[in-house]
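# Architecture at a glance
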Amino acid sequence: MEFLAASEREFAAGDEAQGSEKLWGAASQAVIAVAQQRGWRYGSHRDLKIAAERLATEHGDSTLGSDFAVAEKFHANFYHLFMDELQLEQDPQYVRRFVHRVLALLN
């Protein structure tokens, strides 16, 4: 949850790059926590994507996969700053939703 709070602080301070990367950090750390608990691989970006898709399939909820894809977009935005103002305003909600839902899966 610290990454989510940090992303809000970074965006509020006008640092789009760091705000974006903190959102990615929140999503990736949530997936890592579940993957560790379940004995899944989590050492690469690809492993995290596979784990997120696996969770979506397990729970019959495609929004887990699509919300993870939004988190990946923020990760790319850290490097390329391509997201427009509307995306930066509206899309963090999907990453926050993903993080809360994935963390709720921890035993």
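This text goes with the structure placed above it.
All of these numbers come straight from a predicted model, not from anything done at the bench.

### Examining the packing of aromatic side chains
Overall, the coordinates contain 4 aromatic pairs when judged by the stated rule. Their ring planes at 65° and their centres at 6.3 Å tell us that Phe 11 and Phe 74 sit as a pair that is edge-to-face. In this pair, Phe 11 is assigned in helix H1 (residues 2-12) and Phe 74 in helix H4 (residues 62-80), connecting sequence segments 63 residues apart. Three or more aromatic residues joined by ring pairs make a cluster, and in this case those are Trp 24, Phe 68 and Phe 98.

### Quick look at the side chain of Ser 7
Structurally, Ser 7 can be placed in helix H1. Since its relative accessible area comes to 2%, Ser 7 is described here as buried. At a separation of 2.7 Å, a polar atom in the side chain of Ser 7 contacts the main-chain carbonyl oxygen of Leu 4.

### Quick word on the pattern of salt bridges
Tallied over the entire structure, the rule returns 8 salt bridges. Of the charged contacts in the structure, one is a salt bridge between Glu 53 and Lys 49, with a shortest N-O distance of 3.7 Å. Placement of both Glu 53 and Lys 49 in helix H3 (residues 45-58) is noted, with a separation of 4 residues, approximately one turn of the helix. What makes Glu 53 partly exposed here is its relative accessible area of 39%. By relative accessible area, which is 32% here, Lys 49 ends up partly exposed. Of the charged contacts, one joins Asp 91 and Lys 73 as a salt bridge, the two residues approaching to 2.6 Å between their closest N and O atoms. Here Asp 91 is found in the loop between helix H5 (85-90) and helix H6 (92-103), whereas its partner Lys 73 is found in helix H4, with 18 residues between them in sequence.

### Observations regarding the nonpolar core
Counting residues in hydrophobic clusters, the biggest one holds 28 residues, and the most contacted among them are Leu 55, Phe 68, Phe 74, Val 95, Phe 98, Val 99 and Val 102. Among the elements that line this core, the one with the most residues is helix H2 (residues 16-38), at 9 residues. The contact partners of Phe 68, leaving out residues within four places of it in the chain, are Trp 24, Val 31, Leu 48, Lys 49, Ala 52 and Phe 98.

### A look at the environment of Glu 16
Tracing the backbone through its elements, the reader meets Glu 16 in helix H2. Residue class for Glu 16 comes out partly exposed when judged on its relative accessible area of 23%. Of note is the side chain of Glu 16, whose polar atom sits 3.0 Å from the side chain of Asn 77.

### So, unusual backbone geometry
Although it is not a glycine, Leu 81 adopts a positive phi angle of roughly 45°. Position of Leu 81 relative to the elements: it lies in the loop between H4 and H5.

### Things to note about the packing of H2 against H4
Two elements in contact, H2 and H4, have axes separated by 8 Å at closest approach and are oriented at 140°. The pairing of H2 with H4 is recorded here as oblique in orientation. Classified by chirality, the crossing of H4 by H2 is left-handed. Contacts from Glu 16, Ala 17, Gln 18, Ser 20, Glu 21, Leu 23, Trp 24, Ala 27 and Val 31 of H2 reach H4 at Phe 68, Ala 71, Glu 72, Phe 74, His 75, Asn 77 and Phe 78. Of the residues assigned to the contact of H2 with H4, the class counts are 9 nonpolar, 4 polar and 3 charged.

Calculation rules
- Residues numbered from 1 in each chain as written.
- Predicted model: local features only at pLDDT ≥ 70, side-chain atom pairs only at ≥ 80, totals over all residues.
- Heavy atoms only, no water.
- Phe/Tyr/Trp six-rings, centres within 6.5 Å; stacked < 30°, edge-to-face > 60°.
- Helix = DSSP H or I, 4+ residues; strand = E, 2+ residues; numbered from the N terminus.
- Buried < 20%, exposed > 50% of the residue type's maximum accessible area, 1.4 Å probe, protein only.
- Polar contact = N/O pair within 3.5 Å; in protein donor to acceptor, adjacent residues only side chain to side chain.
- Salt bridge = Lys/Arg side-chain N within 4 Å of Asp/Glu carboxyl O.
- Core = buried A, V, L, I, M, F, W, Y, C linked by side-chain atoms within 4.5 Å.
- Contact = heavy atoms within 4.5 Å.
- Axes fitted to C-alpha atoms, helices over the stretch in contact; angles between N-to-C directions.
- Parallel < 35°, antiparallel > 145°, perpendicular 65-115°, else oblique.
- Left-handed = near helix turned anticlockwise from the far one by under 90°.
- Nonpolar A, V, L, I, M, F, W, Y, C, P; charged D, E, K, R; others polar.

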